[in-house]
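# Architecture and fold: a report
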Amino acid sequence: MERPKMAELESLETAAEHERILREIESTDTACIGPTLRSVYDGEEHGRFMEKLEARIRNHDREIEKMCNFHYQGFVDSITELLKVRGEAQKLKNQVTDTNRKLQNEGKELILAMEELRQCRLQQRNISATVDKLTLCLPVLEMYSKLREQMKSKRHYPALKTLEHLEHTFLPQVSHYRFCKVMVDNIPRLREEIKELSMSDLKDFLESIRKHSDKIGETAMKQDCRFNQWKIIARIFFSLLLSPNVQAQQQRNLDNIVSQQPRISGGKKSKKEFSASSELEVKNTSPMSEQDSGILDVEDEDEEEEVPGAQDLVDFSPVYRCLHIYSVLGARETFESYYRKQRRKQARLVLQPPSNMHETLDGYRKYFNQIVGFFVVEDHILHTTQGLVTRAYIDELWEMALSKTIAALRTHSSYCSDPSLVLDLKNLIVLFADTLQGYGFPVNQLFDMLLEIQDQYSETLLKKWAGVFRNILDSDNYSPIPVSNEEVYRKIVGQFPFQDAELEKQPFPKKFPFSEFVPKVYSQIKEFIYACLKFSEDLHLSSTEVDDMIRKSTNLLLTRTLSNCLQNVIKRKNVGLTELVQIIINTTHLEKSCKFLEEFITNITNVLPETVHTTKLYGTTTFKDARHAAEEEIYTNLNQKIDQFLQLADYDWMALEPGSRASDYLVDLIGFLRSTFAVFTHLPGKVAQTACMSACKHLSTSLLQLLLEAEVRQLTLGALHQFNLDVEECEQFARSGPVPGFQGDTLQLAFIDLRQLLDLFIQWDWSTYLADYGQPTCKYLRVNPTTALILLEKMRDTSRKNNVFAQFRKNERDKQKLIDTVAKQLRGLINSHHS
């Protein structure tokens, strides 16, 4: 009795548990349902659980069916209503279309009427605008007509007033019309006409001062020269009293002034000029003088009499009268513009140097006198009128004059080849600058120009030293200097800073490694430095500036003059390998001597090389470039010699059997190369190695070209074996180490292209080549398929020619097929490479 009860109890518990699991499945997320199902399979009642699950599914299906049956009728009704609405919408669309068509037909006449109305109103606005514009234009036309009548009747003052009124009042209102633009364009011409008619006397004045500018400037420069001399003498006198330690230096300055005087001013003058010039500085000229226009006549006075002031030579009353008239007319700016424009033109004329100015010092002196005369007049106008010229205007003119003067000096001084003329020109420029500086003009650029004159002086020196260097290089024997005794040895060491402990230990006779042009060139460089120092003595420059000038000139000597001379020697047609080797050795020693040139310049200028902004010497670059050029020339000469030997090559390309040894021309070529590289023992190792490698590469390339040239149409295997003997001779030369320093088989790599190509054909190893082509480990990696195809075509043509009657033999047919097959595959490789 108890067992049925217990079974029934367990059944109830199982049913309750299954019910709980079903509720949990219905309410739990799908991702978390795994543990729930595992609990079902862990038990023993999963069959009953499946029955319950199917029963629960059937219940849900019945509920879904009931719900669908309940809402189905509403869905059908909605579809029916939509079909009815579609019909009504189509009817409404048709009604709207008919209504729109009727409205368009009824509105056509209204649209035409509205367009006509718009056109009428547009015409009405245009007519109104035209009337308004004509109202603005008529006063302009009337005023312009009035202006023409006034001009015709020569009423210049009213005409000028009318012109100003027309320009500033009427024309701006209608400036966008074409006829107004024509009027605006004519206004400058009309104004210019009025100015020209009222300025005839001013033109006469301007013409007079243009003609006499050189006289005015000459007078001013004489005064300045005399005044500066007395001022320098007074300064030296007081410095002698106050500082006895500088007496020697001041005495030298005074001697320079006295020695320069005949060259600058042309003779002795009276001391009264000092007081005369002082009086001129405080003299006040009346701005409204009524004297006649023109230049006062001044005859050449005796040297002992007082020289008149520059302003005393000119009557400025025409300028003052014209300025007053134009001020009353209200056209002062016009007058100022005209005056300045004319004076600017005259300035351009004054600043135009004569074509032969460079021939004599008098040409430069007259040019400077005209410029000084022009600016003396302008300075007087500045201080005696109010605003006719301004300081800004004069500064602008001076800037233009300064630039043109400097440009003219640059051009004409370039023709000066006489150092004494260059020095005299420097003194004249100093006087010119001092004179204008006394009138308040900045002259720093002129003093900078003196440095350019120094550059011109350096150019004349460079031309002279170019000839000196050419003579030294042409007369040199390009052989080491032999020394027979101690005296000669010390003499050469005194000329050129050379130190070699091993050479000093050697007994006499012995040889320096360089040739004679090394100490000669070094000595001439020092002489050039001394010549540059002479020009800078009177420029009152600091030691640093003198040092900088000398170094720059020396750099030009080294990098341009000496470099060109060396390059010309190297590029001569008859220069040999021995001379080129000696040039490399010489330039190496000259490069090492550059530090001694630095010390030499430091000793004469007392400026240490460590000083900031000190210019360095570029001699090392010059000698390195010359050495590199000589090295390149050696490489070129070697290649040319190789080409000459190769021209002797006479291969029998149709030979059936090879010779027993290498070709005679190649044996001679190898002998020449061995003897040549034996001379390179004194060259730097890298130069000799590069020359050897370059020669071997050129030889290899040239031999390959012999095989591939178009003239060789056919080629036999016997000829190829003979060619292989020549290549083996070249490889033997490379293995012998003609130049020390190569590692392993480096030199043999120059012939690697030839070697692989010949091995491919001699061994007939096409299967390996075609199979491994393009792989880094390929045995014939350096063989180009195009090169192989060219060579193969030549051998195929030979095979065809020799086997015309033997084409039916099986071996020959197989060989011909093999060649055709290889050629086809090579073309495929070439095409794939291009694609």
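What counts, and where the lines are drawn
Residues numbered from 1 in each chain as written. Predicted model: local features only at pLDDT ≥ 70, side-chain atom pairs only at ≥ 80, totals over all residues. Heavy atoms only, no water. Helix = DSSP H or I, 4+ residues; strand = E, 2+ residues; numbered from the N terminus. Buried < 20%, exposed > 50% of the residue type's maximum accessible area, 1.4 Å probe, protein only. Contact = heavy atoms within 4.5 Å. Areas by Shrake-Rupley, 256 points an atom, 1.4 Å probe, with all protein chains shown as cover. Axes fitted to C-alpha atoms, helices over the stretch in contact; angles between N-to-C directions. Parallel < 35°, antiparallel > 145°, perpendicular 65-115°, else oblique. Left-handed = near helix turned anticlockwise from the far one by under 90°. Nonpolar A, V, L, I, M, F, W, Y, C, P; charged D, E, K, R; others polar. Expected span 1.5 Å × (residues − 1). Phe/Tyr/Trp six-rings, centres within 6.5 Å; stacked < 30°, edge-to-face > 60°. Salt bridge = Lys/Arg side-chain N within 4 Å of Asp/Glu carboxyl O. Core = buried A, V, L, I, M, F, W, Y, C linked by side-chain atoms within 4.5 Å. Patch = residues over 30% accessible without salt bridge, like charges linked within 9 Å, V, L, I, M, F, W, Y side chains within 5 Å. Lys, Arg positive; Asp, Glu negative; His and termini not counted. Charge placed at Lys NZ, Arg CZ, Asp CG, Glu CD. Polar contact = N/O pair within 3.5 Å; in protein donor to acceptor, adjacent residues only side chain to side chain. pLDDT = per-residue confidence, 0-100.

Helix and strand content of the protein: 29 helices and 4 strands. Burial status across the protein gives 41% buried among its 835 residues. If you take every contact in the protein between residues at least 6 apart in sequence, the share linking residues at least 24 apart comes to 78%. Carbon and sulfur atoms make up 53% of the accessible area of the protein, which totals about 48,500 Å².

Turning next to the packing of helix α19 (residues 543-570) against helix α21 (residues 594-605). For the pair α19 and α21, interaxial distance at closest approach is 10 Å and the crossing angle is 150°. Considering the angle they form, α19 stands roughly antiparallel to α21. Crossing handedness for the pair α19 and α21: right-handed. Along the contact surface, α19 presents Ser543, Val546, Asp547, Ile550, Arg551 and Thr554, while α21 presents Glu598, Ile601, Thr602, Ile604 and Thr605. In terms of residue class, the contact of α19 with α21 is made up of 4 nonpolar, 4 polar and 3 charged.

A separate point is α21. Here α21 spans 17 Å end to end across 12 residues, near enough to the 16 Å set by a 1.5 Å rise per residue. If you check which residues of α21 are buried, you get Cys594, Leu597, Glu598, Phe600, Ile601, Thr602 and Thr605. Residues of α21 that are buried in the fold lie against α18 (517-535), α19, α20 (577-592) and α22 (619-646). The positive-phi residue at the C-terminal boundary of α21 is Asn606, with phi of around 60°.

As a further point, take the packing of aromatic side chains. By the definition in use, this model includes 31 aromatic pairs. Aromatic pair Phe498 and Phe512: ring centres 5.6 Å apart, planes at 70°, arrangement edge-to-face. Pair noted here: Phe498 is in the loop between α16 (486-495) and α17 (501-505) and Phe512 is in the loop between β4 (510-511) and α18, with a separation of 14 residues, a long-range link. Accessibility assignment for this pair places Phe498 and Phe512 in one class, buried. Between Phe677 and Phe733, the aromatic rings sit 6.4 Å apart at their centres with planes inclined by 25°, giving stacked as the arrangement.

Packing of α22 against helix α23 (residues 664-678) brings their axes to within 9 Å, and their N-to-C directions diverge by 160°. One element, α22, and the other, α23, form an angle in the roughly antiparallel class. Between α22 and α23 lies a crossing of right-handed hand. Facing Leu638, Lys641, Ile642, Phe645 and Leu646 of α22, the residues of α23 in contact are Tyr665, Asp668, Leu669, Phe672, Leu673, Thr676 and Phe677. Of the residues contributing to the contact of α22 with α23, the split by class is 9 nonpolar, 1 polar and 2 charged.

Tallied over the entire structure, the rule returns 28 salt bridges. Among the ionic pairs, Lys91 bridges to Glu88, the shortest N-O distance being 4.0 Å. Linking Lys91 with Glu88, this pair stays in helix α3 (residues 46-152), spanning 3 residues, or about one helical turn. For Glu633, the salt bridge goes to Lys571, with nearest N and O atoms at 3.5 Å. One end of the pair, Glu633, is in helix α22; the other, Lys571, is in the loop between α19 and α20, with 62 residues separating them in the sequence. Shared partners join several salt bridges into a network, and the residues in it are Arg332, Glu336 and Arg340.

Turning our attention to the nonpolar core. The biggest cluster of nonpolar side chains holds 184 residues, and the ones touching the most others in it are Leu202, Phe368, Ile634 and Phe677. Of all the elements, helix α24 (residues 685-708) adds the most residues to this core, at 13 residues. Excluding anything up to four places from it in sequence, Phe677 contacts Leu638, Ala691, Cys692, Ala695, Phe733, Pro738 and Val739. If you look at the next biggest cluster of nonpolar residues, it comprises 16 residues, including Met143, Tyr144, Ala159 and Met183.

What follows deals with a positive patch on the surface. Where like charges cluster on the molecular surface, the positive patch consists of Lys341, Lys345, Arg348 and Lys404. Of all the elements, helix α11 (residues 332-350) adds the most residues to the positive patch, at 3 residues. On the accessibility criterion, Lys341 (40% relative accessible area) is partly exposed.

This part covers unusual backbone geometry. A cis amide bond links Phe508 to the next residue, Pro509, at an omega of -5°. Counting through the fold element by element, Pro509 comes out in the loop between α17 and β4. Residue Asn606 is not a glycine yet carries a positive backbone phi of 60°. You can see Asn606 is positioned in the loop between α21 and α22. A relative accessible area of 67% places Asn606 in the exposed class.

Structurally, Leu202 is set in helix α6 (residues 200-211). A relative accessible area of 0% means that Leu202 is categorised as buried. Leu202 sits 117 residues away from Val319 along the chain, and the two C-alpha atoms are 6.3 Å apart. Residues within four places of Leu202 in sequence aside, it is in contact with Val319, Cys322, Phe335, Tyr338 and Tyr339.

Before going further, it helps to spend a moment on the environment of Leu503. By secondary structure assignment, the location of Leu503 is in helix α17. Take Leu503: its relative accessible area is 5%, and that puts it in the buried class. Spatially, the C-alpha atom of Leu503 lies 9.4 Å from that of Pro513, the residues being 10 residues apart in sequence. In contact with Leu503, not counting residues within four places along its chain, are Tyr489, Phe498, Lys510, Lys511, Phe512 and Pro513.

Checked against the element boundaries, Thr460 lands in helix α15 (residues 444-475). Beyond its immediate stretch of four places on either side in the chain, Thr460 contacts Cys416, Ser417 and Pro419.

Along the chain, the position of Asp765 falls in the loop between α26 (752-763) and α27 (766-772). Taking the C-alpha atoms as reference, Asp765 lies 9.6 Å from Tyr780; in sequence the two are 15 residues apart. If we skip the residues at most four places from it in the chain, Asp765 touches Leu760, Lys779 and Tyr780. At 3.1 Å, the side chain of Asp765 forms a polar contact with the side chain of Tyr780.

Counted at 1.5 Å a residue, the expected span for α26 with its 12 residues is 16 Å, and the 16 Å between its end C-alpha atoms agrees. Here α26 has its buried residues at Leu754, Arg755, Gln756, Leu757, Leu758, Leu760 and Phe761. Two residues or fewer after α26 comes Trp764, characterised by a positive phi angle close to 50°.

Residues Tyr72, Phe75, Ile79, Leu82 and Leu83 make up a contiguous nonpolar surface patch of roughly 550 Å² in combined accessible area. Structurally, Leu82 can be placed in helix α3. Take Leu82: its relative accessible area is 57%, and that puts it in the exposed class.

For the rest of this paragraph, the subject is the confidence of the model for the protein. When pLDDT is averaged across the protein, the result is 79; 83% of the residues are at 70 or more. Every residue in residues 235-305 scores below 50 in pLDDT, and together they form 89 contacts with partners more than four places removed in sequence or on other chains. Across residues 803-808 the pLDDT falls below 50, and counting only partners more than four positions away or on other chains, this stretch makes 4 contacts in the model.

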